[in-house]
Amino acid sequence: MAQSDDIKVGELKQVGDDDAAYLISLIRTIPDFPKKGILFRDFIPAMSDPRGLAIILDAMKRTLPVKPEDFDLVAGLEARGFLIGPQLATDLGKGFLPMRKAGKLPEPTYSQEYALEYGNARIEIEQGSLRPGQRVLIVDDLIATGGSAQAAARLVEQAGGQVAGFSFVMELNGLDGRKALGAYPVTCLMNMPA
């Protein structure tokens, strides 16, 4: 497991050079995980470091893709969106909408399937957890191909909500994740090769 030296500052520049460099120093690159040919970018060391966690949350608040008054809820994708979403929602005075993996919620649910770089998955929300017309900021740790983010957007819209934008900690370059999200506002704290 190696430290990442190919990570570039994106919107993370908003916290200053020292904090940006410190956070980047905590991100690990793990080759061939979860399968051969995949470079897994691990931000858990940054989450377990008090300064690293504070930098992530501060940077995400500073770089929202829309103003806080332009959304009502923060939604996070299981599992890593659950690590940053609730705290971000609390800090902004918003509710949190968990988007769970299939089979984790009682019926009735809304459900969307999506493709990953290494398989397929499905996410769900409970019916009634999102009121029609509510505006939702979707957060997650990483955008790669944009498949899970697209599914999250479809899920919000299926429930009658509106997607306000997306906020990610990391973006893998070359996989067209932002392009897959079309005109939705998107921010990413840092970028790196896939």
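Along each chain, residues carry numbers from 1 onward, in the same order as the chain's sequence is written. In keeping with the predicted nature of the model, local features appear solely for residues at pLDDT of at least 70, side-chain atom pairs appear and are counted solely at 80 or more, and the whole-chain, interface and lining totals rest on all residues. The basis for every side-chain value is the complete set of non-hydrogen atoms in the structure, without hydrogens or water.

- The protein is annotated in an unreviewed UniProt entry as Adenine phosphoribosyltransferase from Bifidobacterium asteroides.
- The Pathway (unreviewed entry) field of the UniProt record for the protein holds the comment "Purine metabolism; AMP biosynthesis via salvage pathway; AMP from adenine: step 1/1."
- Here is the UniProt Catalytic activity (unreviewed entry) comment for the protein, exactly as written: "AMP + diphosphate = 5-phospho-alpha-D-ribose 1-diphosphate + adenine". UniProt positions are given in the numbering used here, feature names are shortened, and annotations may be inferred rather than shown by experiment.

**Remarks on the sheet that holds strand β9 (residues 135-143)**
Phase 1: Strand pairing follows a simple DSSP-based rule, namely that at least 2 bridges must link the two strands. A run of H or I in DSSP counts as a helix once it spans at least four residues, and a run of E counts as a strand once it spans at least two, with each numbered from the N terminus. Strand order across the open sheet formed by eight strands is β2-β11-β10-β9-β5-β6-β8-β7, with mixed pairing between neighbours. The open sheet terminates on both sides in strands that have one partner only, identified here as β2 (8-9) and β7 (109-116).
Phase 2: By the bridge criterion, four bridges tie strand β5 (residues 73-77) to β9 in an arrangement that is parallel. Each residue of the ladder has a partner; that of Val74, found in β9, is Leu137.

**Concerning unusual backbone geometry**
Phase 1: Residue Pro34 is bonded to the preceding Phe33 through a cis peptide linkage, with omega at 5°.
Phase 2: Cis geometry is found at the peptide bond from Glu107 to Pro108, where omega equals 0°.
Phase 3: Tracing the chain through its elements places Pro108 in the loop between β6 (95-101) and β7.
Phase 4: Here the phi dihedral of Asp32 falls at roughly 60°; this positive angle occurs in a residue that is not glycine.
Phase 5: Mapped onto the elements of the fold, Asp32 is located in the loop between β3 (28-31) and β4 (39-42).

**Description of helix α4 (residues 81-92)**
Phase 1: Residue count minus one, scaled by 1.5 Å, sets the expected span of a helix. The terminal C-alpha atoms of α4 lie 16 Å apart, and with 12 residues this matches the ideal 16 Å at 1.5 Å per residue to within 8%.
Phase 2: Among the residues of α4, those classed as buried are Gly81, Ile84, Gly85, Leu88, Ala89 and Leu92. Viewed end-on, α4 has its buried residues packed into an arc of 130°, placing them on one side of the element.
Phase 3: The contact criterion used throughout is that any non-hydrogen atoms of two residues lie within 4.5 Å. Looking at the buried positions of α4, the neighbouring elements they touch are α2 (44-47), α3 (50-62), β5, β6, β9 and β10 (162-173). Relative accessibility decides the category of a residue: with a 1.4 Å probe and only protein chains considered, values under 20% of the type maximum give buried, values over 50% give exposed, and everything between is partly exposed. As used here, the arc belongs to the directions running from the helix axis to the C-beta atoms.

**Description of the pattern of salt bridges**
Phase 1: Salt bridges, as used here, are contacts in which a Lys or Arg side-chain nitrogen is within 4 Å of a carboxyl oxygen on Asp or Glu. Counted according to the given criterion, the structure contains 12 salt bridges.
Phase 2: Note that Arg28 is salt-bridged to Asp42, the shortest N-O span being 2.3 Å. Here Asp42 lies in strand β4 and Arg28 lies in strand β3, a separation of 14 residues in the sequence.
Phase 3: Judged by relative accessible area, which is 5%, Asp42 ranks as buried.
Phase 4: The partner of Arg135 in a salt bridge is Asp72, with the nearest N and O atoms 3.0 Å apart. In this pair, Arg135 sits in strand β9 while Asp72 sits in the loop between α3 and β5, placing the two residues 63 residues apart along the sequence.
Phase 5: A relative accessible area of 26% means that Arg135 is categorised as partly exposed.
Phase 6: Here the salt bridges do not stand alone but share partners, grouping Arg28, Asp42, Arg80 and Asp141 into one network.

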